[in-house]
Amino acid sequence: MPAVTQQIPNFLGGVSRQTDDKKLINQLTECVNGYPDPTFGLLKRPGMKHTNVLKKADGTAFTKTELADAAWFFIDRATAGSYIGAIKGTNLYVWTAAEGTFCTVTNNGTSYLTGTKQDDYHFRSIQDTTIITNKTVDTAMQAAGSFVANSQGTLKLVSLTDGDECKVTIKGTTNGTEHTATATSQSSATFTSFLTGTHASHDLLGAIKSLLEARHTASDTEFDGKWYLNSYANSITIRRTTESNAVVVDAEPGSSVTYKYFSLSAVGGPSNNTLEASQDDVTNVSELPLESFHDHNIKILNSDTEDDDYYLKYVAADGVGGKGYWQETIARDVSPGLDNTTMPHELANTGATTFTFGPITYKDRLTGDDNTNPQPSFVGKKINSTFFYSNRFGVLSEDNVIFGVANDNYNFFAKSALTQVDSDPIDLNVSSVRPVTLSDVLPSPQGLLLFSERQQFQVYATDASILTPTSAVIRTLSNYEMATNIQPVGIGTTSAFVSKVPGYSKLFTMTLRDVEQTPVVVDISKAVLEWIPDTVDDLTVSPPNSVVMMVDRDTEYLYLYRFYNNGKEDLFQAWVKWELPGTIQAARIINDAVTVVSQQEDEYTIGSIELDELPSGDILATSSGFTGNVPLDMATRPVSPDEGNVDAVVYDSTNDITKIYVPYTPIDAKDAVMLLTVPTADDGTDAELDSDQGYWSTAIERIEPSTNYRYFEVKGNFTGYADGIVVGYGYDLEATLPKFYLRREQGADYTAALTIARVKMSVGRTGALRFKLKPTGSNEWKDVQHTADANNYNGDTNPVVQERVFTLPIHQRNTNFELKVTSDFPYPVSLVSMMWEGNYSNKYYRRS
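Computed from a prediction, not measured in an experiment: that's the story for all the values here.

## Some thoughts on the nonpolar core
Grouped together as the largest cluster of nonpolar side chains are 91 residues, with contacts concentrated most on W575, W578, F740 and L831. Not counting the four nearest positions on each side in its chain, L831 is found in contact with F11, F40, G41, L42, A735, M761, S762, V763, L769 and V821.

Structure (structure tokens):
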């Protein structure tokens, strides 16, 4: 049997669920708490630094019950500061992500917070405003305006000739009796004197007034109510209300009066065209009087079709009547606009630690009616998502995407019913042959991507210019199933979304090409089929670090996909799994750090994992924290339990233990670690602590019954090292290697007889490792001791070395064991490459 050797160049292939003979040479069977890096190899993931315990305004911590099943969200404002938010019941809470400081929220929208779970809400943050959408609320319009048809009328004097007789006929009810008022002009009459003269026979207004007063005197109930008569340059207006019987001239009805029906007609002159009467509408604008009372609303019919109707109101200069102008307006009998209380609300950042939550003031409909300026298609339906795109605020509702008015946020109504302009709202239907409910969007250079449970679409402008009502179209991009409770994300130039099937989840990427070409969609989770559970419920990315992270809330796991592209192709693609302490409530990558909200014991904490921290092993402790990569979770410096009245590190000489007080409740039955680091004051000096850096000891969690102070205890006196102590929880790096096969260009030789003699593991920037071996058929992992090489080291120094090779004696058939590399020490690990040596026999068969 010839002696053979083969090198595994790196461990950047991540986890693969294929059989061992089909795995790539650098892939693993399992990898927990690893972080593939193209420079340093497979690293032990960075530790999670403790930020703060989630507290209330009074400084007490939230209990597990108080935030159970809350809807969590993040506000990422980059250099302006990021925040973490939670909705529980009708309460809305916000904390700063960097320090966990409680923020004051003025909640003016409790009635909108009716959701009961995470999936009931959608969050969209733009600058200092976060739009919160309750996906269970049906949107509605405001109540329609009150309007009594034919309760107002206008008499317009067109011309005036000596001897013209004008007759005005009024009926008080639909089937009532007609009564006529007559006035005759004289040679000296002007428009004004004829309309408002002092003689009843020569005075049209006086004749009408006399007629109405006579009907009141005769107790004619068909003419009851209060009549308002007003005269203007070439017209008289008549209004009737339900007030007590009276006829008044040059007065205005009150704001809360109720109007009442009457009919009005008029003739005048030899050709019956001297005097014109109108009530609620006219055929065209030429029939309008020069002046009228303020807010006089008239419908312009134009033609027999309703599509060209529009409305004008009179705007008096003095706000009462007289000189002014006619302006396009809304119909009197339609809703003026959206009901703000049923629409998405806003959480506005009004200060560093202050927010205001409440309804958004959506713009009212100012012109037209439901035909010429229709209600948005989402009215009466639920809104699933909001977005900003192409200078427009938009929403998704069922199978419609609705863009508001350009450069006019929160306005979904056209500015004019007379003509369509480019800035008008855009309301599009995906028009698919399948049932579609749009759930979210992503912007792209080619257009706006729309996602639904079974299809993906794209909105774009046909002429490659700005999006307008005439240029906007929708086309179907692809037909992939997507989990609608997980928002798709953008990864640099591609998009990613999650698809779920019973038992596991998949992650797809979509790369767009030219507008008329189909996208490239790839299942990047194919290598780990059935490895990602179907319970994952969030997705977060870091394009600068080429990281996609799937969050499994209510568990302790994150599933991380990392790749490295050199501009032409991906040089590696790797899946790994992270296990964190406590139960994850929410996680988001913000500014190259994974911010995690987790629940442990009876409280919630914020932690941070820096993705781009170098695994140097050098840690500098400051008075309030530390810098450097500490492979400890919930890592923290000691904290005084009584605002400085009690030391953060206390020695109990009676029991020979050191108490290290911490800001959170220790996790029951989980061992902690005390690690000695270098204080910034001693950095670069020969201080005592410098020579002991890297020393660690297992700590036991305790709570003092009398004070409820929380601390870890370690054996011995470490008060002299208090300035450099960091405590936290250790975690395992586990990299399980597949079976070893001799691999050739054509693949793994799985039929040959191969005995593995030894394994040599090359590492860099690594502290300590353990190797475990499990015989085939056994569930027990046993330690394998590496051979000790003669060498030298500096005593009492950080044990992290820049390069090292571990040699493991194996001496077993390749199919008889599994090998795992682990490290639960508080030191960095960098697995660079590996080489195995053994004896190989082809069983006398020629390999071709």
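So that's the structure; there's more coming.
## Points about the sheet that holds strand β19 (residues 275-278)
One open sheet holds the five strands; their spatial order is β17-β15-β16-β12-β19, and the pairing between them is mixed. This sheet does not close on itself; its edge strands, each paired only once, are β17 (246-249) and β19. Ignoring which end each strand starts from, the neighbouring axes of this sheet average 15 degrees apart. Direction of pairing for strand β12 (residues 152-157) relative to strand β16 (residues 235-241): antiparallel, over a ladder of five bridges. Along β16, the bridge assignment pairs Q152 with R239. Packed onto the sheet, helix α2 (residues 204-217) meets β12, β15 (226-231), β16, β17 and β19 and runs at close to 175 degrees relative to β15.

## Regarding the pairing of strand β27 (residues 354-359)
As paired strands, strand β9 (residues 102-107) and β27 are joined by four bridges and run parallel to one another. The partner of T106 across the bridge, within β27, is T356. Sheet analysis places strand β26 (residues 345-351) next to β27, joined by six bridges and oriented antiparallel. Residue pairing in the sheet places N349 in a bridge with F355 of β27. Connecting β26 to the antiparallel partner β27 that follows it, the hairpin turn spans two residues.

## With respect to the side chain of S505
Its place among the elements puts S505 in strand β38 (residues 504-511). Judged by relative accessible area, which is 2%, S505 ranks as buried. In terms of polar contacts, S505 uses its side chain to reach the backbone carbonyl oxygen of P533, at 2.8 Å. Excluding anything up to four places from it in sequence, S505 contacts V498, S499, K500, S525, I532, P533, D534, V536 and M550.

## Some remarks on the pairing of strand β23 (residues 310-316)
Counting buried residues along β23, six of its seven residues qualify, which places the element largely inside the surrounding structure. Pairing of strand β22 (residues 297-300) with β23 involves four bridges; the strand directions are antiparallel. Bridge assignment links N297 to a residue of β23, and that residue is K313. The pairing of β23 with strand β25 (residues 324-329) spans six bridges and is classified as antiparallel. Counted as the bridge partner of K313 is Q327 from β25.

## What to know about the pattern of salt bridges
Enumeration over the complete set of coordinates arrives at 34 salt bridges. Between D20 and K23 there is a salt bridge, and its shortest N-O distance comes to 2.8 Å. For K23, a relative accessible area of 4% gives the class buried. The closest approach of N and O atoms between E30 and K577, which form a salt bridge, is 3.9 Å. Placement of E30 in strand β2 (residues 30-32) and of K577 in strand β43 (residues 570-579) is noted, with a sequence separation of 547 residues between them. Bridged by salt links that share partners, the residues D537, D538, R553 and R588 form one connected network.

## Looking at the packing of aromatic side chains
Going through the model one piece at a time under the given rule, you end up with 35 aromatic pairs. Ring centres 6.4 Å apart and planes at 40 degrees place the aromatic pair Y557 and Y559 in the tilted group. Ring geometry for Y695 versus F718: centroids 6.0 Å apart, planes at 25 degrees, classification stacked. With a gap of 23 residues between them, Y695 in the loop between β53 (678-679) and β54 (696-703) and F718 in the loop between β55 (710-715) and β56 (725-729) connect regions that are remote in the sequence. Under the relative-accessibility criterion, F718 is labelled buried at 8%. One aromatic cluster is present, built from ring pairs that chain together Y362, F378, F388, F393, Y410 and F412. Taking the ring centre of Y557 as reference, the NZ or CZ of K577 above it sits at 4.9 Å. Here K820 stacks its cationic end above the ring of W781, 4.3 Å away from the centre of that ring.

What counts, and at which threshold
- Residues numbered from 1 in each chain as written.
- Predicted model: local features only at pLDDT ≥ 70, side-chain atom pairs only at ≥ 80, totals over all residues.
- Heavy atoms only, no water.
- Core = buried A, V, L, I, M, F, W, Y, C linked by side-chain atoms within 4.5 Å.
- Buried < 20%, exposed > 50% of the residue type's maximum accessible area, 1.4 Å probe, protein only.
- Contact = heavy atoms within 4.5 Å.
- Pairing = 2+ DSSP bridges.
- Helix = DSSP H or I, 4+ residues; strand = E, 2+ residues; numbered from the N terminus.
- Axes fitted to C-alpha atoms, helices over the stretch in contact; angles between N-to-C directions.
- Polar contact = N/O pair within 3.5 Å; in protein donor to acceptor, adjacent residues only side chain to side chain.
- Salt bridge = Lys/Arg side-chain N within 4 Å of Asp/Glu carboxyl O.
- Phe/Tyr/Trp six-rings, centres within 6.5 Å; stacked < 30°, edge-to-face > 60°.
- Lys NZ or Arg CZ within 6 Å of the ring centre and 35° of its normal.

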